[in-house]
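# Report on the structure
The primary structure of each chain is shown beneath.
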Amino acid sequence: HLHSAAMKFSLIAAVVVLALAQGSFAQDVADLERLGQYFEEMKNKMTLELTEMIQNQDLANQAQ
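Right, let's walk through the structure included here.

About the thresholds
Here the residue index of a chain counts from 1 through its sequence in written order. Owing to the predicted nature of the model, reporting of local features is limited to residues with pLDDT of at least 70; listing and counting of side-chain atom pairs is limited to 80 or more, with chain, interface and lining totals taken over all residues. Calculated side-chain values reflect all of the structure's heavy atoms, with hydrogen atoms and water omitted. Where helices and strands are cited, they refer to DSSP runs of H or I of at least four residues and of E of at least two residues respectively, numbered from the N terminus. In short, Shrake-Rupley with a 1.4 Å probe defines the accessible areas, and a residue's cover is counted only from the protein chains shown. When the centres of two rings from Phe, Tyr and Trp lie within 6.5 Å, Trp using its six-membered ring, the rings pair. Their planes under 30 degrees apart give stacked, over 60 give edge-to-face, and anything left gives tilted. To count toward a patch, a residue needs a relative accessible area above 30% and no salt bridge. Like charges then connect within 9 Å, nonpolar side chains (Val, Leu, Ile, Met, Phe, Trp, Tyr) within 5 Å. A carboxyl oxygen of Asp or Glu within 4 Å of a side-chain nitrogen of Lys or Arg is what we treat as a salt bridge. For every residue, the accessible area (1.4 Å probe, protein chains only) is compared with the maximum for its type, and the residue is labelled buried under 20%, exposed over 50%, or partly exposed between those bounds.

### A closer look at the overall build of the protein
Helices and strands together make up the secondary structure of the protein, namely 2 helices and 0 strands. Accessible surface computed for the protein: about 5,600 Å², of which carbon and sulfur atoms make up 63%.

Given below as structure tokens:
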């Protein structure tokens with residue numbers, strides 16, 4: 001279950017990257033840096049959410 005969430009996110013990220021690469025290849029480095037920051041934030045957010053999901057599953061398993 002957890003794995004499929006990560007897979008889905010990877011797929012979405014890949015699609016977004018491809019779309020952006022196709023649409024705005026001529027844009028300057030500042031945009032790339034901003035994009036890099038955006039993905040860094042997204043990665044951190046996903047990591048936090050996945051960590052919480054894992055911890056919650058652990059708690060649920062212990063409670064049983």
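### Examining the packing of aromatic side chains
Counted under the stated rule, the structure contains 1 aromatic pair. Considering the side-chain rings of Tyr-38 and Phe-39, the 5.6 Å spacing of their centres and the 70° angle between planes classify their relative orientation as edge-to-face.

### Focus on a nonpolar patch on the surface
Taken together, the side chains of Ile-12, Val-16 and Leu-20 present a nonpolar region at the surface, about 230 Å² in accessible area. The partly exposed category is assigned to Val-16, whose relative accessible area is 32%.

### Points about the pattern of salt bridges
Throughout the structure, instances matching the rule amount to 2 salt bridges. Glu-40 is paired through a salt bridge with Lys-43; the nearest N and O atoms lie 3.3 Å apart. In this pair, Glu-40 and Lys-43 are both assigned in helix α2 (residues 29-63), 3 residues apart and thus about one turn of the helix distant. Relative accessible area serves as the criterion here: at 45%, Lys-43 is assigned to the partly exposed category. When the shortest N-O distance is used, the salt bridge between Glu-49 and Lys-45 registers 3.8 Å. Of this pair, Glu-49 and Lys-45 both sit in helix α2, 4 residues apart, which is roughly one turn of that helix. You can call Glu-49 partly exposed: its relative accessible area is 36%.

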